[in-house]
Each structure stands twice: as C-alpha cells, then as structure tokens.
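# Structure at a glance
For reference, the chains in residue letters:
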Amino acid sequence: MQRETELPFDTYVMNEKWQHRYISPVDYAKFHRQTLQDFETFWANVAREIEWFKPFEKVLDDSNPPFYKWYIGGRLNLSYLAVDRHVKTWRKNKVAIEWEGEPVDEDGNPTERRRLTYYDLYREVNRVAYMLKSNFGVKKGDRITLYLPMIPELPIVMLAAWRIGAITSVVFSGFSAEALADRINDARAKIVVTADGFWRRGRVVKLKEIVDMALEKVPVENVIVYSRLGLKDTPMTEGRDYWWHKAMRGVPINAYVEPEPVESEHPSFILYTSGTTGKPKGIVHDTGGWAVHAYATMKWVFDVRDEDIYWCTADIGWVTGHTYVVLGPLMVGATEVMYEGAPDYPQPDRWWSIVERYGVTILYTSPTAIRMFMRYGEEWPRRHDLSTLRIIHSVGEPINPEAWRWMYRVLGGEKTASASTWWMTETGGIVISHAPGLYLAPMKPGTNGPPLPGFEVDVFTEDGTPAPPGVKGYLVIKRPWPGMMHTIWGDPERYVKTYWSKFPNVFYAGDYAIKDQDGYIWVLGRADEVIKVAGHRLGTYELESALISHKAVAESAVVGVPDPIKGEVPIAFVTLKQGYQPGDELRKELRAHVRATIGPVAEPAQIFFVTKLPKTRSGKIMRRLLRAVATNAPLGDVTTLEDEASVEEAKKAYEELRAEVRGHE
Ligand code: 6R9
C-alpha cells in the first residue's frame, strides 16, 4: 500500500448536498463523549429500536471479562427480524433483492435477473427452514457449512438456519477443497449446502466437485446441492447428496416454521479468518449484540431510507457480506442489489451499468476495486448515469487519498458522503466511520473518520498508554461493544491470548493507526503477519504451511509487499530440499500448489529461491528483513541476525528476478 506519510490533515471536504448534516469535529467529539457517559443506557436505547420476543433484563454482563455478554435475558430471532417483520407492513411487496447473474447477451444486457420481494423471501426462508428441519433433522445449535456463490439462495439458507437456531459457517466460494475441509472439520458441520457451479469471468466454476474433494477428508451427514447452472454431470453420492429442488418438492408453498426465540448470546455464525499463527480461527458471533450493531450502523453509516437502492459489493463469504449484505440491509427493509460475477466482465463498465440499471443510491465497496477502475480509466464510469449515488463508502483496507478522491469525484460527482469504514471480522460491524445518517463532520481523503457513537477507540504506544495525536501506535477498543465476537470456536484461550493480552482490559485489533488533532483515526495497515490481498484477509503463516506441504520445499517465508491495485500481495522466499532444482517449472508448480491448497486469492505474486532464510540466532525467521529487501527499504536493526549472507542472497534473488521480469516486458 503506497500511502503518503504526511497525512493530508488540511484537505477537508464538505459539499452542498450534505450541509444539512454538517457538524464540526469539535461538536462531534462532544456528542461522541456524551454517548460514552451513560454507555449502557445508550446501548439499551439503541437495542430497543429492534423487536425482541422477550425484552433483555441487563445490557451488559461484564462479570467474566473478556467473555462479555450483551442483552442478557433477551430473546429474538434474526430471520424474524429480516423477513417476518416486514411482511406485516406495507414492505411486504417491496423488492428486497435485485439479483443479476454474470452472463450477458450480444448487447451486453444481463440474461438472468431475479427480483425477490420481502414476501418472496419470507416464503422461501420458511420453506428452506422446513426442509432443513424435517428432511435433514437440523436442530438448534447444529452447524451448517455454506459453500455457495452470490445467488439469493445464500442469504435465504442463512436466514432459514437462523430461523431454527442453527449456526452458519459460510466458506468463501473462492477457497479450495483443503481450506473448505479444514473449516467443515473444525466446526463439525452436520451438513454442507452448495451449488453445482456458478459463473465467474465467463467461465463455469464447478463447486460441487470441490466439495466432493473436501469430503474425502471430512465426512458430513448430507450435502444439499442447488442447481444454479443445471449441470447434468454433477457428481452425486447416493444417500448423502440431495438436489435442493428435489428436497423442496414435498415442502408446502405456504410452509411456516415458527422462528425459534433464541437467547441473545446464542451463536448465530462462525466465520473463519486468518491470524498470525496456526490454523484459521473460527470467529463466533452472538445473536442479540450482532443484530443491534448491524441495525444501528445501517442507519448511522448508510442512512438507508425506503426509497434507496443499496449495493454492497462484498461477497457473503467475508464478514462484510454477512453484516452488510445479509443481516443489516434486510433488517432495515432495504432494497438491495446482488451480483454474481466479476466486476469487469464482459467489460470494465459492468458495475456502472448495474448502478445505472437499478439506480443505486448507496454503494459500499473496496479500495482495491476503486484502484482497478482507476486504472481502466474514467471513460468507463462516464458512459453511465451515476447521478443517483448519494453515499459511497469503502472497506477492507486503507484507502489511499488518491483513490478516495477518484471515488468522490468520478463516481460520486463530488456530492456524496464517503467514508473508509474500519472494522474487522472480530468486531461484527463498523466501529470507525463517518456517520452521515446522524451527522457529517468534514471528510478527509484517506481517513477512517471518528469512532462511531458508543465505541471507545484509541491508539496505544508499545507501553500501553494513549499515543499523542500524530504518533503511530496500535489500534485498540477500550470498551466492549454489542457486535463483538464472543470467542474462537473451540479455543477460548486463543481468544484471550490474541485479543486481550497485549494490553490489559482493552481489545487489541492488530492494526497500526494514527489519531489526528480532530480525533479522526487513520488505520495504516496490519501490525502482524496478516495481509490484505485485494481486501481479502490472509495469514502469511497459512501460505507458508501450504508451500511447506509441497514435496520440494524445505522452508518458506512469506511477506506482503505493496501493490498498486491489490493494496498488498504475498511474495515467498523458499529453500528447497536436497535433490530439487530451482527454476521456472518448479515456480509454476508451487504457485499452482498454493492455489490448490488455499485458493486463487493466495497465489504468491513472486517466488524466490534461496539456500537459506534470514533468521535470528534463536532460529526465528526475520520476515521484516525480507520485506525490506523486496521494497528497497532500509534493513534497520540487524544485530540479532545470525547470518548476513542470507540477506545478501535474498537481495540477489530478488534483483535477478526483477531483471528477468523487466526483460520480458
Ligand atoms: C471488514 C473487514 C480486517 C482488517 C483490519 C484492517 C483492514 C478493514 C479498513 C481496514 C483500513 C479500513 N481494514 N477496513 N484498514 N481502513 N476502512 O475487512 O474485515 O476481513 O476481518 O479484515 O482489514 O487491517 O484489521 P476482515
């Protein structure tokens, strides 16, 4: 990520369209402090805006930190909140989801569109809940792994699961069989729901075949297969695998399944995410706290109204899709767009044609996408009428001021409210962002803005004291918040160790950040071995394990390096076992191996062969030095380095490959 080291503190942006929400940073800070003064009352009032089957008796149980519990005694149901509530009102016939598939005709128009009203959703969610319950015996607390593309059946089956108190574990459809198997295994999933395949950049991805490979390692009771493409050659195992449409045959059109009134702390979902070491962590979220957080941030950050057309471009396989494609927008009764395919298929204006076709007013996307479109050029968005857009926010990684300005000017016509919303899988919802649904303090290109109401955020120095404005430190959250994760699935100790041990009694996010004079936060990037590749979160440790699992590899070290579009990309330094020769053939093979083990997003941008890796005298790989080599940065302190020749060798390997790449250009 190339970011100006001098923060552009002085570039404030305020436009006419948002003058009515204007607030000065000083007044915002005052308002924000007030929300923290009587913090529990504040969060109780927010929670009363959603419907509870049984009201909560206590807002926050902090008797056993860091295992905080929210809205004790309360009972509710996410499926009820997302669909049943709306069908009792005029929203019954309002469009909930405008879906379009990837394929287009000769004129570039989508050949597959589906429009589901809240009533349609209500019907389908009930029918699928009925099927899960009566045909497959799914009960409260069972885990269901969902390995599905971006089709309406994904939110439908999630809501159906939550309706009966089951716990979803969605696995991104870009992950490989091995990654899927690990996640099914860790969650001990009872069933897997998948599709025969889907369209991606004009090609068919056969999902069920990947599921079958995963299931060679971890058995499950049943697999339900949605026929997205009607692929006749889909392998089906008798007695285990069922076509969705066949399993639904016996389900009455008007099937109704009573929504289970689950406890506020009942887990709703597990989502696996990467950390510094070890296998991916199953981040566990509750029901009540998450619902309140999702609902409140939809209102504050996205200012959603009934006439809006909302589009969050994230895949549901990541947390952004969980909170801001599935739960949040449906809870507030929004009309939202869902798109199956690649952003630049068949041409770089696909997204802008979608914005124009549906009249999208609120767009939530990623810096990587913005940078990709910047590279394609302004002429693509200029071909379409984007004048409906009134809010555009980004998420997933720091947004460089240049990308923010492009988004604001070219896409937003200098009239949108635009923030870079900071949060993470662990937080369940947005924590730091401008909140144009309440007030809008002046925007600054590249900042995350001030913390949202009710969230106490700070930047700490290494010794655990608040860093003064302008000084880089670690981002922390000083008080529990409703959408917070509850634990790591099956590993509560790791939860305490990872997030609550670096500093006493505060949540450690793992990000570097700076606070400015106005109280705005600027998140700079990860402080650990996690990288964000095109906004996708990966652990360098996972890539290293994947490389080492190849027969030729002895050792490997993976680091993230800046990339003009993807933000960061992984590069790998590899030592080989006796009898293996470095070369392009092997390089190709190792890349394919990483793709097959984790998924295409994890493929290293470059692989360097070396005979030794830089290590400390105690044998720890010094990734910091490799990153310095690959970014032409100063090496810094090398006193603990065991063998300087290793760094020289890495440098040489790096320069040789660069010369070779240049030679090909
Ligand atoms: C929502 C999501 C979390 C990590 C987080 C940080 C980075 C996310 C950001 C941002 C700067 C933003 N991140 N949003 N950095 N500005 N607006 O992305 O969750 O996949 O768990 O990643 O992403 O580094 O720690 P997740």
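Shown above is the structure to which this text applies.
In this text, all values refer to a predicted model and were calculated from it rather than measured experimentally. (Residues numbered from 1 in each chain as written. Predicted model: local features only at pLDDT ≥ 70, side-chain atom pairs only at ≥ 80, totals over all residues. Heavy atoms only, no water.)

Secondary structure assignment for the protein chain yields 19 helices and 30 strands. Each principal axis of the C-alpha atoms in the protein chain carries an extent, and together these give about 70 × 65 × 60 Å. Buried positions account for 62% of the 665 residues belonging to the protein chain. By element, 49% of the accessible surface of the protein chain is carried by carbon and sulfur atoms, the whole surface being about 25,600 Å². Where the 82 positive side-chain charges of the protein chain centre and where its 87 negative ones centre are 2 Å apart. (Helix = DSSP H or I, 4+ residues; strand = E, 2+ residues; numbered from the N terminus. Buried < 20%, exposed > 50% of the residue type's maximum accessible area, 1.4 Å probe, protein only. Areas by Shrake-Rupley, 256 points an atom, 1.4 Å probe, with all protein chains shown as cover. Lys, Arg positive; Asp, Glu negative; His and termini not counted. Charge placed at Lys NZ, Arg CZ, Asp CG, Glu CD.)

Across the five residues that make up strand S17 (residues 335-339), a large majority, five, are buried. On S17, burial covers both faces: Thr335, Val337 and Tyr339 on one face and Glu336 and Met338 on the other are all buried. With four bridges joining them, strand S4 (residues 95-100) and S17 adopt parallel strand pairing. Each residue of the ladder has a partner; that of glutamate 98, found in S17, is valine 337. (Pairing = 2+ DSSP bridges.)

Okay, helix H10 (residues 319-331) next. A large share of H10 lies buried, amounting to 13 of its 13 residues. The first or second residue beyond H10 is glycine 333, which carries a positive phi of 70°.

Taken in spatial order, the four strands make up an open sheet running S21-S22-S24-S25, and their pairing is antiparallel. Taken across any chain shown, the strands that pair with only one partner, and hence form the sheet edges, are strand S21 (457-460) and strand S25 (521-526). For this sheet the average axis-to-axis angle between neighbouring strands, irrespective of direction, equals 45°. (Axes fitted to C-alpha atoms, helices over the stretch in contact; angles between N-to-C directions.)

Moving on: the side chain of aspartate 61. Along the chain, aspartate 61 falls in strand S1 (residues 58-61). Engagement of the side chain of aspartate 61 in a polar contact is seen with the side chain of serine 63, the distance being 2.6 Å. Once residues lying within four places of it in the same chain are set aside, the contact partners of aspartate 61 are Phe67, Tyr68, Lys69 and Ile72. (Polar contact = N/O pair within 3.5 Å; in protein donor to acceptor, adjacent residues only side chain to side chain. Contact = heavy atoms within 4.5 Å.)

A few words on empty space enclosed by the protein. All chains considered together, the criterion is met by two cavities of 30 Å³ or more. A volume near 50 Å³ is recorded for the largest cavity. Forming the walls of the largest cavity are Leu76, Asn77, Leu78, Trp162, Gly165, Ala166, Val262, His266, Pro267, Ser268 and Thr287. For the lining of the largest cavity, the per-class residue count stands at six nonpolar, five polar and no charged. If you add up the space inside the second largest cavity, you get close to 30 Å³. What lines the second largest cavity is Asp196, Lys206, Lys208, Glu209, Leu231, Asp233, Thr234 and Pro235. Among the residues making up the lining of the second largest cavity, the classes are represented as two nonpolar, one polar and five charged. (1 Å grid on protein atoms, 1.4 Å probe; cavity = no way out; pocket = protein on both sides within 12 Å on 5 of 7 lines; lining within 4 Å. Points joined across faces, edges and corners; volume = space filled by probe spheres on them. Nonpolar A, V, L, I, M, F, W, Y, C, P; charged D, E, K, R; others polar.)

Moving on, we get to the packing of helix H3 (residues 78-87) against helix H4 (residues 118-135). Relative orientation and spacing of two packed helices are given, respectively, by the angle between their axes and the distance between those axes. Packing of H3 against H4 brings their axes to within 9 Å, and their N-to-C directions diverge by 130°. With respect to each other, H3 and H4 are oriented oblique. The hand of the H3/H4 crossing is left-handed. Contact residues: H3 offers Ser79, Ala82, Val83, Asp84, His86 and Val87, while H4 offers Tyr118, Tyr119, Leu121, Tyr122 and Val125. Residue classes in the contact of H3 with H4 are distributed as eight nonpolar, two polar and one charged. (Parallel < 35°, antiparallel > 145°, perpendicular 65-115°, else oblique. Left-handed = near helix turned anticlockwise from the far one by under 90°.)

With that settled, the discussion passes to the packing of aromatic side chains. Under the counting rule described, the total for this entry stands at 44 aromatic pairs. Summarising the aromatic geometry, the rings of tryptophan 43 and phenylalanine 455 are spaced 5.4 Å apart at their centres and angled 80° between planes, so their arrangement reads as edge-to-face. One end of the pair, tryptophan 43, is in helix H2 (residues 39-47); the other, phenylalanine 455, is in the loop between strand S20 (420-421) and S21, with 412 residues separating them in the sequence. According to the relative accessible area criterion, tryptophan 43 is buried, its value standing at 0%. The exposure class assigned to phenylalanine 455 is buried, which follows from its relative accessible area of 1%. Note on tryptophan 500 and phenylalanine 507: the rings are 5.6 Å apart at their centroids and 70° apart in plane angle, and the pair reads as edge-to-face. Taken as a pair, tryptophan 500 and phenylalanine 507 share a single burial class, namely buried. Each residue in the set Phe67, Tyr68, Trp481, Tyr495, Tyr499, Trp500 and Phe507 is aromatic and connected to the rest through ring pairs, giving one cluster. (Phe/Tyr/Trp six-rings, centres within 6.5 Å; stacked < 30°, edge-to-face > 60°.)

The environment of the ligand is formed by 18 residues, the closest being Thr425, Asp511, Arg526, Lys532 and Arg537. One of the backbone N or O atoms of glutamate 397 is found 3.3 Å from a nitrogen atom in the ligand. One of the side-chain nitrogen or oxygen atoms of serine 420 is found 2.8 Å away from a nitrogen atom of the ligand. Listing elements by their share of the shell around the ligand, those giving two or more residues are H10, S20 and S25. Taken together, the residues of the shell around the ligand sort by class into seven nonpolar, six polar and five charged. (Near = heavy atom within 4 Å.)

What follows is about the packing of helix H12 (residues 367-376) against helix H14 (residues 401-411). Running from N to C, H12 and H14 point in directions that differ by 70°, and their axes come no closer than 10 Å. Judged by the inter-axis angle, H12 sits roughly perpendicular to H14. The two elements H12 and H14 meet at a crossing, and its hand is left-handed. The residues of H14 that touch H12, namely those facing Ile370, Arg371, Phe373 and Met374, are Glu402, Ala403, Trp406, Met407 and Leu411.

The next point concerns the sheet that holds strand S15 (residues 281-285). Spatially, S12-S11-S8-S6-S7-S14-S15-S23 is the arrangement adopted by the eight strands of the open sheet, whose pairing is mixed. Two strands in the sheet have a free side with no partner beyond their single neighbour: strand S12 (241-243) and strand S23 (487-488). As paired strands, strand S8 (residues 191-195) and strand S11 (residues 222-226) are joined by five bridges and run parallel to one another. Pairing of valine 193 across the sheet is with isoleucine 224, part of S11. Packed onto the sheet, helix H7 (residues 207-215) meets strand S6 (143-147), S8, S11 and S12 and runs at close to 155° relative to S8.

Side chains His536 and Leu538 of strand S27 (residues 536-539) all project onto a buried face; the interleaved residues Arg537 and Gly539 project onto the opposite face, where all are buried too. Bridge analysis of strand S26 (residues 530-533) against S27 gives four bridges, and the strand direction is antiparallel. Along S27, the bridge assignment pairs valine 533 with histidine 536. Hairpin remark: S26 followed by S27, antiparallel, with two residues in the connecting loop; positive phi at alanine 534, about 50°.

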